[in-house]
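Below, each chain spelled out in residue letters.
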Amino acid sequence: MNWDDARVFLALCREQTLRGAARVLAVDQATVGRRLASLERSLDATLFLRTSAGYSLTAAGEIAMSAALNMESSAAELQRQILGMDDRMSGVVRITTTDAFATDFIIPAIATLHRQEPGIEVQLQTSTQMLNLSKREADIAVRTHQPENPDLIVRRLARWDSGLFASRGYIEERGVPEPGSAFAGHDLVVYQPYLDSGKDVLLASEPIIHGRIAMTCTSGFMVRRALLGGLGVGELPLPLGASEGLVRLWPERTLPYDVWLVTHKDVRHTARVRAVIDAIAAAFGEVTA
């Protein structure tokens, strides 16, 4: 099995359809089909069962997948190690982060860096999805989740307190919720993953059981926009709430809000990656809670 065949094979393992694999690989379905047929002939084995639900691995396919994953891991390690020796201030740096951090910090940081180092090309992906830095799906991640992988280098960019916020218009119309009332008589904007966690949802340490959820959002940035739109009361890190002109209603919650920058140990000394890290860190360093 060569690496090109392994890439096609793994894409089909993960997507389970020719169309999905072709989309991931940026080729047409016929190419995926041909490469799979060629691989099965070379191994003299059937790797997939073709069903109405998609492509399902056979026992031989399971063995082939294990070998292909090892090839993928070795290829990614080689890329990281070569990249780590690169001292050029040019080339691509891939960043994954949330839309809020991208808008408030990453884009301004890269704009400043670009004036100094125009040869660095940043590919920015905003999503709540956690990309795999070990597989070089990204070079830098800026997140609120601290990973535990020992191969990743983690740096805390910020530790902020959080507070309860609402727009001036909402407060003028509905007043300020009373502490201890569990938001009785008030509308709320809630971060959807809080609800999905299965835990009791608190805003600024206050239960929401008597409030009415007006909107849930899958990103912190959308929570902020909903609060600005006067939809209700919600919780935000203090610097982000204050930056929008929202009104802080209550003191901060007990648990801090941490922001982490993550990169793989093999690429952290690459010149262009290091320059981007420093620019991002400077942007966060300018903000205080």
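Basis of the calculations
- Residues numbered from 1 in each chain as written.
- Predicted model: local features only at pLDDT ≥ 70, side-chain atom pairs only at ≥ 80, totals over all residues.
- Heavy atoms only, no water.
- Helix = DSSP H or I, 4+ residues; strand = E, 2+ residues; numbered from the N terminus.
- Expected span 1.5 Å × (residues − 1).
- Bend = angle between axes of the 7 residues up to and from the residue.
- Buried < 20%, exposed > 50% of the residue type's maximum accessible area, 1.4 Å probe, protein only.
- Pairing = 2+ DSSP bridges.
- Contact = heavy atoms within 4.5 Å.
- Polar contact = N/O pair within 3.5 Å; in protein donor to acceptor, adjacent residues only side chain to side chain.
- Salt bridge = Lys/Arg side-chain N within 4 Å of Asp/Glu carboxyl O.
- Phe/Tyr/Trp six-rings, centres within 6.5 Å; stacked < 30°, edge-to-face > 60°.
- Axes fitted to C-alpha atoms, helices over the stretch in contact; angles between N-to-C directions.
- Core = buried A, V, L, I, M, F, W, Y, C linked by side-chain atoms within 4.5 Å.

## Here's the deal with helix H5 (residues 99–116)
Moving on, step 1. With 18 residues, H5 should reach 26 Å at 1.5 Å per residue; the first-to-last C-alpha distance of 24 Å fits that figure.
Moving on, step 2. The largest bend along H5 measures about 40° and falls at Ile-106, with the proline Pro-108 one to four residues further on.

## Re the pairing of strand E12 (residues 234–237)
Moving on, step 1. Going residue by residue along E12, you find Gly-234 and Leu-236 tucked away on one face and Glu-235 and Pro-237 tucked away on the opposite face as well.
Moving on, step 2. Bridging between strand E7 (residues 162–166) and E12 involves 4 bridges; their strand directions are antiparallel. Bridged to Ser-162 within E12 is Pro-237.

## Brief notes about the environment of Arg-174
Moving on, step 1. One can find Arg-174 in helix H6 (residues 168–174).
Moving on, step 2. Separated by 101 residues in sequence, Arg-174 and Ser-73 have C-alpha atoms that sit 56 Å apart.
Moving on, step 3. When residues no more than four places from it in sequence are discounted, the contact partners of Arg-174 are Gly-185, His-186 and Asp-187.
Moving on, step 4. A polar atom in the side chain of Arg-174 sits 3.0 Å from the side chain of Asp-187.

## Structural notes on the pattern of salt bridges
Moving on, step 1. Inspection of every chain in the model, using the stated rule, returns 10 salt bridges.
Moving on, step 2. Among the ionic pairs, Glu-15 bridges to Arg-23, the shortest N-O distance being 3.4 Å.
Moving on, step 3. Assessed through its relative accessible area of 30%, Glu-15 is described here as partly exposed.
Moving on, step 4. For the salt bridge of Arg-94 with Asp-139, the shortest nitrogen-to-oxygen distance reads 3.8 Å. Taken together, the residues Arg-94 in strand E3 (residues 91–97) and Asp-139 in the loop between strand E4 (120–126) and strand E5 (140–143) connect sequence positions 45 residues apart.
Moving on, step 5. Look at Asp-139 and you get buried, because its relative accessible area is 2%.

## A short note on the packing of aromatic side chains
Moving on, step 1. Summed over all chains, the structure comprises 10 aromatic pairs.
Moving on, step 2. Arranged with centres 5.5 Å apart and planes meeting at 55°, the rings of Phe-9 and Phe-48 form a pair that is tilted. You can see Phe-9 sitting in helix H1 (residues 3–15) and its partner Phe-48 sitting in strand E1 (residues 48–51), a full 39 residues away along the chain. Neither Phe-9 nor Phe-48 differs from the other in exposure class; each is buried.
Moving on, step 3. Aromatic pair Phe-183 and Trp-250: ring centres 5.4 Å apart, planes at 20°, arrangement stacked. Separated by 67 residues along the polypeptide, Phe-183 in the loop between H6 and strand E8 (187–191) and Trp-250 in the loop between strand E13 (247–248) and strand E14 (257–264) bring together distant segments of the chain.
Moving on, step 4. Taken together, the aromatic side chains of Phe-101, Phe-105, Trp-160, Tyr-257 and Phe-284 make up a single cluster linked through ring pairs.

## Brief notes about the sheet that holds E5
Moving on, step 1. Taking strand neighbours across the sheet as the criterion, the 5 strands line up as E4-E3-E5-E14-E6 in an open arrangement whose pairing is mixed. Each edge of the open sheet carries a strand with a single partner, namely E4 and strand E6 (152–160). Neighbour-to-neighbour, the strand axes of the sheet open up by a mean angle of 20°, direction not taken into account.
Moving on, step 2. Here E5 runs beside E14; their pairing, made up of 4 bridges, is antiparallel. Along E14, the bridge assignment pairs Ala-141 with Val-262.
Moving on, step 3. Running at roughly 175° to E4, H5 makes contact with E3, E4, E5, E6 and E14 of the sheet.
Moving on, step 4. Packed on one face of the sheet, helix H10 (residues 271–285) meets E3, E4, E5, E6 and E14 and runs near 15° to E6.

## Side note on the nonpolar core
Moving on, step 1. In this structure, Ile-140, Val-142, Trp-160, Val-259, Val-276, Ile-280 and Phe-284 are the most contacted members of the largest nonpolar core, which totals 27 residues.
Moving on, step 2. Among the elements of the structure, E3, H5, E5, E6, E14 and H10 are those that each provide at least two residues to this core.
Moving on, step 3. Element by element, the count of residues in this core is highest for H10, at 9 residues.
Moving on, step 4. Every residue in contact with Val-276, bar those within four places of it in the chain, is listed here: Val-93, Ile-95, Ile-110, Leu-113, Ile-120, Val-122 and Ile-140.
Moving on, step 5. Within the second largest apolar cluster, 19 residues are counted, among which are Ala-6, Val-8, Phe-9 and Ala-11.

## A few points about the sheet that holds E12
By definition, the strands of a sheet pair up through backbone hydrogen bonds, in either a parallel or an antiparallel sense.
Moving on, step 1. Ordered by their spatial adjacency, 3 strands build an open sheet running E12-E7-E13, and the pairing between neighbours is antiparallel. Looking along the sheet, the strands with just one partner apiece sit at the ends: E12 and E13.
Moving on, step 2. The strands that helix H8 (residues 220–228) touches are E7 and E12; relative to E12, the one it contacts most, it runs at about 125°.

## As for helix H2 (residues 18–25)
Moving on, step 1. Buried within H2 we find Leu-18, Gly-20, Ala-21, Ala-22 and Leu-25.
Moving on, step 2. On its buried face, H2 sits against H1, helix H3 (29–43) and strand E2 (54–57).
Moving on, step 3. In the stretch just after H2, Ala-26 is the one whose phi turns positive, near 60°.

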